[in-house]
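Here are the chains, one letter per residue:
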2 protein chains.
Amino acid sequence: MTAIAELVAALAPEKVLTDPDVTDTYSRDQTFVEPGRPLAVVLAHSRDDVVAVMRWATAHRVPVVPRGAGTGLAGGATAVEGCVVLALHKMAAVRELSPDDEIAVVEPGVITADLDRAAREHGLMYAPDPSSYEISTIGGNLATNAGGLRCVKYGVTRDSALGLEVVLADGRVIDTGRRTVKGVTGYDLTGLFVGSEGTLGVITAATVRLRRAPSVSPATIGAEFASLRDAAAAVSAIIAAGCQPSLLEMLDRTTLKAIDDWRNIGLADSTRAMLIAQSDAADGAAVSARMAELCTANGASFVAVSSSARETEELIGIRRMAYRAQERLGKCLVEDVCVPRSALPYMIEKIEAIAAGHGVLISTVAHAGDGNLHPVFIFDRALAEPPAAVWTAADEVFREALGMGGTLTGEHGVGLLKRRWLSLETGPVTEELHHGIKQVFDPLGILNPGKAI
Amino acid sequence: MTAIAELVAALAPEKVLTDPDVTDTYSRDQTFVEPGRPLAVVLAHSRDDVVAVMRWATAHRVPVVPRGAGTGLAGGATAVEGCVVLALHKMAAVRELSPDDEIAVVEPGVITADLDRAAREHGLMYAPDPSSYEISTIGGNLATNAGGLRCVKYGVTRDSALGLEVVLADGRVIDTGRRTVKGVTGYDLTGLFVGSEGTLGVITAATVRLRRAPSVSPATIGAEFASLRDAAAAVSAIIAAGCQPSLLEMLDRTTLKAIDDWRNIGLADSTRAMLIAQSDAADGAAVSARMAELCTANGASFVAVSSSARETEELIGIRRMAYRAQERLGKCLVEDVCVPRSALPYMIEKIEAIAAGHGVLISTVAHAGDGNLHPVFIFDRALAEPPAAVWTAADEVFREALGMGGTLTGEHGVGLLKRRWLSLETGPVTEELHHGIKQVFDPLGILNPGKAI
Ligand SMILES: Cc1cc2nc3c(=O)[nH]c(=O)nc-3n(C[C@H](O)[C@H](O)[C@H](O)COP(=O)(O)OP(=O)(O)OC[C@H]3O[C@@H](n4cnc5c(N)ncnc54)[C@H](O)[C@@H]3O)c2cc1C
Ligand SMILES: Cc1cc2nc3c(=O)[nH]c(=O)nc-3n(C[C@H](O)[C@H](O)[C@H](O)COP(=O)(O)OP(=O)(O)OC[C@H]3O[C@@H](n4cnc5c(N)ncnc54)[C@H](O)[C@@H]3O)c2cc1C
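In what follows, the accompanying structure is described.

Rules and cut-offs
- Residues numbered from 1 in each chain as written.
- Chains lettered and ligands numbered in written order.
- Predicted model: local features only at pLDDT ≥ 70, side-chain atom pairs only at ≥ 80, totals over all residues.
- Heavy atoms only, no water.
- Contact = heavy atoms within 4.5 Å.
- Buried area = accessible area lost by both parts, 1.4 Å probe.
- Salt bridge = Lys/Arg side-chain N within 4 Å of Asp/Glu carboxyl O.
- Polar contact = N/O pair within 3.5 Å; in protein donor to acceptor, adjacent residues only side chain to side chain.
- Helix = DSSP H or I, 4+ residues; strand = E, 2+ residues; numbered from the N terminus.
- Nonpolar A, V, L, I, M, F, W, Y, C, P; charged D, E, K, R; others polar.
- Near = heavy atom within 4 Å.
- Areas by Shrake-Rupley, 256 points an atom, 1.4 Å probe, with all protein chains shown as cover.

Structural notes on the interface of chain B and chain A
Right, on to step 1. Contacts between chain B and chain A engage 70 residues on the former and 70 residues on the latter.
Right, on to step 2. Counting the surface chain B buries against chain A, the share from its top three residues, Lys182(B), Val184(B) and Tyr187(B), is 17%.
Right, on to step 3. At the boundary of chain B with chain A, the tally comes to eleven salt bridges.
Right, on to step 4. Taking the shortest distance from any N to any O, the salt bridge between Glu425(A) and Arg178(B) comes out at 3.8 Å.
Right, on to step 5. On the surface where chain B and chain A come into contact, there are 28 residue pairs in polar contact (both at pLDDT 80 or more).
Right, on to step 6. Among the secondary structure elements, those contributing two or more residues to the side of chain B that touches chain A are strand 9 (173–177), helix 7 (189–193), helix 8 (228–240), helix 14 (422–426) and helix 15 (428–441) of chain B.
Right, on to step 7. Among the elements that take part in the side of chain B that touches chain A, helix 15 of chain B stands out by supplying ten residues, more than any other.
Right, on to step 8. For the side of chain B that touches chain A, the class distribution of residues is 25 nonpolar, 26 polar and 19 charged.

Here's the deal with the site of ligand 2
All names here are of chain B.
Right, on to step 1. Around ligand 2 sit 35 residues in total, of which Pro-66, Gly-68, Thr-71, Ser-132 and Thr-137 are the nearest.
Right, on to step 2. Here an oxygen atom of ligand 2 and a backbone polar atom of Pro-66 are 2.7 Å apart.
Right, on to step 3. Contact distances for ligand 2 include 2.8 Å between a nitrogen atom and a side-chain N or O atom of Glu-411.
Right, on to step 4. Within the complex, 97% of the 970 Å² of free accessible area of ligand 2 lies under protein.
Right, on to step 5. Those elements giving two or more residues to the shell around ligand 2 turn out to be strand 3 (64–67), helix 5 (138–144) and strand 10 (202–209).
Right, on to step 6. The element contributing the most residues to the shell around ligand 2 is helix 5, with five residues.
Right, on to step 7. For the shell around ligand 2, the class distribution of residues is twelve nonpolar, 20 polar and three charged.

Notes on the site of ligand 1
Residues and elements named next belong to chain A.
Right, on to step 1. Ligand 1 sits among 35 residues. The nearest are Pro-66, Gly-68, Thr-71, Ser-132 and Thr-137.
Right, on to step 2. At a separation of 3.2 Å, an oxygen atom of ligand 1 approaches a polar backbone atom of Glu-197.
Right, on to step 3. Burial of ligand 1 by the protein amounts to 97% of the accessible area it has alone, namely 980 Å².
Right, on to step 4. Listed by contribution, the elements that provide at least two residues to the shell around ligand 1 are strand 3 (64–67), helix 5 (138–144) and strand 10 (202–209).
Right, on to step 5. Top element by residues in the shell around ligand 1 is helix 5. It accounts for five residues.
Right, on to step 6. Partitioned by chemical class, the residues of the shell around ligand 1 number twelve nonpolar, 20 polar and three charged.

Structure representation (structure tokens):
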């Protein structure tokens, strides 16, 4: 029996896809990275399917690439030559939702926003909300430790992960963490799997923390500025004043222009940056008024304060449209540096200078309240890969961010795309430890090889 | 040259203590555990001292027990025979405090409350506040992932740890994490060191997150109940109503009686439990009024609402006195189970039944909002160790907590005292992974051997 025939026998024919036209669509994420050709794509329906795949992969030394929805921006879910892509999107049950304990137990294929909606029915919310939350999976969010718009107030995915069910490289299953909000028994394996990008194990279920949904509909402002620097100064002022926004996003002119060209948002000629801020606190209206004042004091040319849920949706919609609008301009290399909050204005100026210096088009959005910037390098659609000038500019952006005490990636992960720069941030001893840990969990190196570390 | 002479030469004579009377006081934590005799105690003054100790220890295969303030309740800092106790309390500088980035960089010997006070000067706070915060160190808090009173709202120590400087077993130094609030480059080594109880490396500095201090002085209530079950029901009601208390503590009658006998707090005969709750929200007074109502609705016989900072201090003072009052009753085995919040009433009844069943005196306080209970087993001061009945009762408490989906230890750690039960919670595969990780960081097994895993 061939290896693939064994795999089919261990699962079921309809769960094992081998037609290249079909497998190709499961081989890519949202990056331009050209994938290797997988042996097969497995559509897992249960933990037992995942166990069967990992046992088989261990026996045959076949690499396995876990995959959620393929919305990743770092190449993490890109197929490697001769691998099995282990697609988890069919495992999409919310196994339990306990309003009393404010937790949910979910399978990895649950769409992020679906979990949030399920929680809302009980007056709760699932806080981490990447911009992609209508299309990304919880498993992918956990594996990348995804951030999102609300994480300026509620923290990243790790802060909502209490426990995991994980299938190890050899098919053994462990439960990490717990159902309680606190606990310190043993090393924090939950935290270790979160953000490990599918290189240490396959997450087949998660116990996540829910939070009380705010009782008021959040008060939202949109502020336009004639300079990016003023917008960044307003961000600092809002944080320093203790406003604790539940969302604080920034868009530059290139991005706003792309959105305006696509959807006509009535962009003023003088607007070079826009801030969108929200407070979901009990006194949110007062806080938003204060944030509006701080924007005006820092030079905003125009501040809109939403007076209805529809107006709020429109403002947030501008932010959520950004990536699709950028994609209309060309192929995108989406970057993800994060700097200490006080460095935000400097980093923004650096990005502008680097773009100008290399004649590269950069469109920047930022989870500004966290200092997390997404400079999107836009290049000719006809090219398979970014041209040299883009890589040079990106390299400068990374080095500047690291020089300010920042990091290469705030939320998207290292994947394939950032491995080249990894050692600039981590150094040789930490890399040795990373590889030592990898060796403990995956001694044959079959789990998502060549990614993350 | 003897090994100790080499150590003295590498440091300085006054940093190496060998007089048994002196070393004995550095060999114990707050438990009754009888320590082994250390070769020496080193008073580290700098990272370089720590590096020198670890290089020397690696060369001579000598076990090293890191030590903060020795306030631990699990035996984690207990000296093992022939070890060097590496005392870090002299490394107590706040290296940096950045109000703009809302972070501080501190040495491990900084007393927890001192950091909080330093932050308050800038309108900020350091949130994690174990009851021991006037005597414990940040290094010990990180190594145990300490909780505290405010963690029901602000999370545990891990949630405030952004980056660490760590000296590895062989004396090499790494920096984990970052100065930014977000970041996903590489595996989460920061999270792995936090809670590792000195078994993976010695923390010599930490970058911690500060938070805006609440602008209002928190409104506080103290509610007395004629039954523990009613008090637990009030806890559930407060959480379910979305009050988001910044503190929610419970004390049972045995504890209250011990405090009353010591400090006369005017305890009523009918009071069997007390809740102390606080809200530091902008609308805290209204929230506290709501919490008071919920206590009354759940059968509270008396509810005090503080109307001044002094009254607040008095209420919180009752909670902070608990341990000293318990110690007046005899020797204490302080336990630390944590259960899902909805299980709190059941767990409390179980503890009462177990105490009665074994004729053991148990005095319970709880970080009730987190489901974290401290049943304190009190036994005869003349005994060196808890009698068999106490261990049997403790064993039953652990098994009940685990059966409810809880954990052996919410915040104190496994140390020496809970290792016997560890495998009940973790299982053999997880234990194998723990030991694999330990092997990566400390191949000679010299760092705090016999603890935590
Ligand atoms: C328009 C758009 C907006 C975005 N906005 C944000 C944002 O605001 N914040 C943010 O953080 N990200 C954002 N992203 C990136 C992306 O959505 C996230 O990284 C997301 O977490 C990926 O989820 P996924 O299910 O698509 O995972 P995939 O892309 O399928 O996989 C991502 C990684 O996780 C691994 N993986 C997936 N599932 C599992 C599992 N069950 N077990 C183990 N490993 C697994 C994969 O191997 C891969 O390494 C955005 C992407 C797009 C396209
Ligand atoms: C009255 C009282 C109340 C308490 N209340 C709480 C509470 O509310 N919440 C709570 O969580 N705990 C509480 N504790 C327990 C204790 O205070 C905490 O565990 C605290 O974090 C220990 O800090 P320490 O500096 O005393 O550490 P130590 O007791 O000296 O050491 C604790 C552990 O950390 C390791 N360690 C210490 N420093 C380092 C370092 N720099 N690098 C690596 N490893 C290190 C030690 O080896 C040991 O394993 C309480 C204790 C008492 C006595």
